[in-house]
There are 2 protein chains.
Amino acid sequence: MLAFMPLASAPTTPTPPTSSRTAPVAIREVGLRDGLQSIARTLPTATKLQWLRAAYAAGLREMEVGSFVPPRLMPQLADTEALVREALALPGLVVSVLVPNLKGAERALDSGAHAMLLPLSASRAHSLSNLRKAPDDVVREIADIRRLRDAAGSTCRLEVGLSTAFGCTIQGRVEPEEVLRLVHAALDAGAERVGLADTVGYADPRQVRELFERAFEIARPYDRDGAAALACGHFHDTRGLGLANVYAAWEAGVRRFDACTGGIGGCPHAPGASGNVATEDVAYLLASMGVPIGLDFDALMALRHSVAGWLEGEPLHGHIWRAGLPKTMRPAATAEAA
Amino acid sequence: MLAFMPLASAPTTPTPPTSSRTAPVAIREVGLRDGLQSIARTLPTATKLQWLRAAYAAGLREMEVGSFVPPRLMPQLADTEALVREALALPGLVVSVLVPNLKGAERALDSGAHAMLLPLSASRAHSLSNLRKAPDDVVREIADIRRLRDAAGSTCRLEVGLSTAFGCTIQGRVEPEEVLRLVHAALDAGAERVGLADTVGYADPRQVRELFERAFEIARPYDRDGAAALACGHFHDTRGLGLANVYAAWEAGVRRFDACTGGIGGCPHAPGASGNVATEDVAYLLASMGVPIGLDFDALMALRHSVAGWLEGEPLHGHIWRAGLPKTMRPAATAEAA
């Protein structure tokens, strides 16, 4: 196993790094949900389990394995219950699912998943179009889900993903003040974690850094047990800024990112446009900066290769697979030609 | 003309931006030199002039138009003298050329170019392999070139590009202390501007930010007439971090970047690997952050299209050309479907 850490021994800066800059960063693999929901074909459950186990073997310790939406709307994810059950058998894996509403949350609680993610659109137009509810109606549903969860005596973590937080293909600009208001409202309503998502690939790194810094200020009073309430960055690479945005969010203090193996998950309405940031790219970016991620690069690349086979004919995306690791991050034995 | 500025009116942060963060950023188009030198075929001079004039019409005001290397080594750039002559006729365009040594500098001075760029490898192994000289021999040549320039009464700016500043495919790690020593030595020897280049696509954004911040400290005493002595960032997108590195350098204070239309300029030894960061991508990144760049996006995209035709069969790279500008940066009339 190639322990995906830079070989360099000396730090590049004379000032000792702060603990925050050396803190480990977690990558949540969302390919089995966000990735596959954008692809028309349905992968067999057995193949999804291969994906799940290979990602686990590569070191990934949080995965979104499916979505509790009605199967007729998303037949690709109809086996979410079975995937949760199998995933729960992997020691130390945090198993999360997407839930679109209270009904989905009930199924998530029944399934025994460790975490459920409720999307909340910061764009009113996107919210009305996708969920047929205004953002504040979704906030009220967060409170309902929290009550349901508490009444059930469950520890299933309630997480809110604030989508279109950096812009929207329908309404265009999304005011940062509205995003921040909804971060506050979601936490007040009982969400334990909130993430900001660039659902449509509109974000730029300056905006990412500034919005996360302001959101951290709002979320800090809600931090519990050493875990940040503002927890996750979710970026798409639609316009090539995906990794720049991950870096900017990391600079702002984000220590958990969503990613899809092979960069799948693009919008089906924008052919050719790439999707989520690729798991192997985010891993390379963070490892190259000396950030501990606990992942096996060769295993991530092997999984990418498998995904390419399972999804033959679908475009995969990402960058590091072309050129591979630089010499500075590989054992001398595999030295590259000049 | 679409004046490539975000349509958003309100700032995303309540704190007033510092003058440095609102300062204009210059992009130097290096496709005619760094781009074409990596491609075996020779473009006709007339086609290069079309490129030059289209880039100028798009708003680019600094271009590297060729290299004064012996024509037998690089026949693709044998018409550099003619290109300089034509480029000098475009009002306000800063015309720069690459010079490998004193002999090349003589030709640059004769040509009337506004600036000459001498590469200096921070990697000793790369320097010996590419220039057959140790880095300190090149530093001595900088002093010779400066004397030659001053004796000629020329104002041709002497710029040094510190290549392999973030790592090297031959020797691997390049110590930041050695890079900083050479920044100092180049400025002491008479270089008026120094840039740091990630020649082989090894840099990560944390390293970029830290090294530029340290280099700025060293270079500041050499600043003249309000212009920074540490002037330029040159990045390749070999592993997908090109734009993240541009952003990190901008955060460190860099206000001038090299780029190639269509992202050409990849290493011929790494097929499939992308080359220089694409001019249109760097323009999109900076404009999306609200940084004034004075470029016309539609004209940049049209040039990319022309370059694709002129170099038919050669792989082009870059990102923004696939999905185009987000709705937030385009007039309402061209609104995209949701």
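Within any chain, residue numbers begin from 1 and follow the written order of that chain's sequence. Labels follow written order: the first chain is A, the first ligand is 1, and so on. Under the rules for a predicted model, residues below a pLDDT of 70 receive no local features and side-chain atom pairs below 80 are neither given nor counted, while totals for whole chains, interfaces and linings still include all residues.

## Observations concerning the overall build of chain A
Part 1 of the reasoning: Strands here are runs of E lasting at least two residues and helices are runs of H or I lasting at least four, both read from the DSSP assignment and numbered beginning at the N terminus. When helices and strands are counted, chain A shows 13 helices and eight strands.
Part 2 of the reasoning: Taking all 338 residues of chain A together, the buried fraction comes to 54%.
Part 3 of the reasoning: A sequence separation of at least 24 residues applies to 73% of the contacts in chain A between residues at least 6 apart. Whether a residue is buried, exposed or partly exposed follows from its count of other C-beta atoms within 10 Å of its own C-beta, namely 20 or more, 12 or fewer, or something in between, respectively; the C-beta atoms are built from the backbone. Throughout, a residue-residue contact means that the two C-beta atoms, derived from backbone geometry, are no farther apart than 7 Å.

## As for helix α12 (residues 297-310) of chain B
Part 1 of the reasoning: A helix's residues, less one, multiplied by 1.5 Å, set its expected span. For α12 of chain B, built from 14 residues, the straight-helix expectation of 20 Å at 1.5 Å per residue is met to within 8% by its first-to-last C-alpha distance of 20 Å.
Part 2 of the reasoning: Buried residues belonging to α12 of chain B abut α3 (45-57), α11 (279-288) and α13 (320-323) of chain B.

## A few points about the environment of M289 of chain A
Part 1 of the reasoning: Tracing the backbone through its elements, the reader meets M289 of chain A in the loop between α11 (279-288) and α12 (297-310).
Part 2 of the reasoning: Taking the C-beta count within 10 Å as the criterion, M289 of chain A has 24 such neighbours and is therefore assigned buried.
Part 3 of the reasoning: When near neighbours in sequence (up to four residues on either side) are disregarded, M289 of chain A contacts D204, P205 and R206 of chain B.

## Brief notes about the environment of G66 of chain B
Residue and element names in this part refer to chain B.
Part 1 of the reasoning: Its place among the elements puts G66 in strand β2 (residues 62-67).
Part 2 of the reasoning: On a C-alpha basis, the gap between G66 and S96 in space is 7.8 Å, while along the polypeptide they are 30 residues apart.
Part 3 of the reasoning: The residues touching G66, leaving out its near neighbours within four places in the chain, are L32, R33, L77, T80, L83, V84 and V97.

## Focus: the nonpolar core
Part 1 of the reasoning: For this entry, the nonpolar core is defined as buried Ala, Val, Leu, Ile, Met, Phe, Trp, Tyr and Cys residues connected by C-beta atoms within 7 Å. Counting residues in hydrophobic clusters, the biggest one holds 206 residues, and the most contacted among them are L162, A186 and V194 of chain A together with L162, A186 and V194 of chain B.
Part 2 of the reasoning: When residues no more than four places from it in sequence are discounted, the contact partners of V194 of chain A are V160, L162, V183, A186, L187, A219, A229, L230 and A231 of chain A.

## Here's the deal with the confidence of the model for chain A
Residue and element names in this part refer to chain A.
Part 1 of the reasoning: Confidence per residue, as judged by the predictor, is encoded in pLDDT with a range of 0 to 100. Residues at a pLDDT of 70 or more form 90% of chain A, whose mean pLDDT is 91.
Part 2 of the reasoning: Note on residues 5-18: pLDDT is under 50 here. Beyond four places in sequence and across chains, it has 16 contacts.
Part 3 of the reasoning: The low-confidence segment residues 333-338 (pLDDT under 50) makes seven contacts with residues lying over four places distant or belonging to another chain.
Part 4 of the reasoning: The complex model carries a pTM of 0.93, and its ipTM stands at 0.92.

## Some points on the packing of helix α5 (residues 102-111) of chain A against helix α7 (residues 135-151) of chain A
Residues and elements named next belong to chain A.
Part 1 of the reasoning: Angular values range over 0 to 180 degrees, each being the angle between N-to-C directions of two axes fitted as lines to C-alpha atoms, with helices fitted over their stretch in contact. Two numbers describe how α5 lies on α7: the axes approach to 10 Å, and their chain directions differ by 25 degrees. By the criterion of interaxial angle, the relationship of α5 to α7 is roughly parallel. In terms of crossing hand, the pair formed by α5 and α7 is right-handed. Every residue of α7 that contacts α5 at L102, A105, E106 and L109 is listed here: E141, D144, I145, L148 and R149. For this classification, under 35 degrees means roughly parallel, over 145 means roughly antiparallel, 65 to 115 means roughly perpendicular, and everything else is oblique. Crossing handedness: left-handed means the near helix sits turned counterclockwise from the far one by under a right angle, and right-handed means the same turn made clockwise.

## Let's talk about helix α8 (residues 176-188) of chain A
Each α-helix winds once per 3.6 residues, and so residues spaced three or four apart point in a common direction.
Residue and element names in this part refer to chain A.
Part 1 of the reasoning: With 13 residues, α8 extends 18 Å between its outermost C-alpha atoms, agreeing within 8% with the 18 Å of an ideal straight helix rising 1.5 Å per residue.
Part 2 of the reasoning: Buried within α8 we find P176, V179, L182, V183, A185, A186 and L187.
Part 3 of the reasoning: Of the surrounding secondary structure, the elements contacted by the buried residues of α8 are β4 (115-121), α7, β5 (157-163), β6 (193-198) and α9 (205-219).

## Notes on the pairing of strand β8 (residues 256-259) of chain A
All names here are of chain A.
Part 1 of the reasoning: Because side chains alternate across β8, one face comprises the buried residues R256 and D258, and the other comprises F257 and A259, equally buried.
Part 2 of the reasoning: Inspection of the sheet shows strand β1 (residues 26-29) paired to β8 by four bridges, in the parallel sense. Paired with I27 across the two strands is F257, which belongs to β8. Pairing between strands is defined by DSSP: at least two bridges between them are needed.

## Considerations on the packing of helix α10 (residues 242-252) of chain A against α11 of chain A
Residues and elements named next belong to chain A.
Part 1 of the reasoning: Put simply, α10 and α11 touch, their axes get as near as 11 Å, and they point 45 degrees apart. When the axes of α10 and α11 are compared, the pair comes out oblique. The interaxial crossing formed by α10 with α11 has right-handed handedness. Taking contact as the criterion, the partners of L243, V246 and Y247 in α10 are, on α11, D281, V282 and L285.
Part 2 of the reasoning: Taken together, the residues of the contact of α10 with α11 sort by class into five nonpolar, no polar and one charged. Residue polarity is assigned by list, with Asp, Glu, Lys and Arg as charged and Ala, Val, Leu, Ile, Met, Phe, Trp, Tyr, Cys and Pro as nonpolar; anything else, Gly included, falls into the polar class.

## So, unusual backbone geometry
Residues and elements named next belong to chain A.
Part 1 of the reasoning: Even without being a glycine, D225 presents a positive backbone phi close to 55 degrees.
Part 2 of the reasoning: Inspection of the secondary structure assignment puts D225 in the loop between α9 and β7 (230-235).
Part 3 of the reasoning: C-beta crowding within 10 Å serves as the criterion here: with 4 such atoms nearby, D225 is assigned to the exposed category.

## Let's talk about the pairing of strand β5 (residues 157-163) of chain B
All names here are of chain B.
Part 1 of the reasoning: Counting buried residues along β5, six of its seven residues qualify, which places the element largely inside the surrounding structure.
Part 2 of the reasoning: For strand β4 (residues 115-121) and β5, the ladder comprises seven bridges, and the chain directions are parallel. Considered in β5, the bridge of P119 is made with G161.
Part 3 of the reasoning: Sheet analysis places β5 next to strand β6 (residues 193-198), joined by four bridges and oriented parallel. Directly across from G161, in β6, lies its bridge partner G195.
Part 4 of the reasoning: Consider the strands pointing away from the viewer: the crossover is right-handed when the path from the first strand over the helix to the second runs clockwise. Once you follow β5 into helix α8 (residues 176-188) and on to β6, the crossover reads as right-handed.

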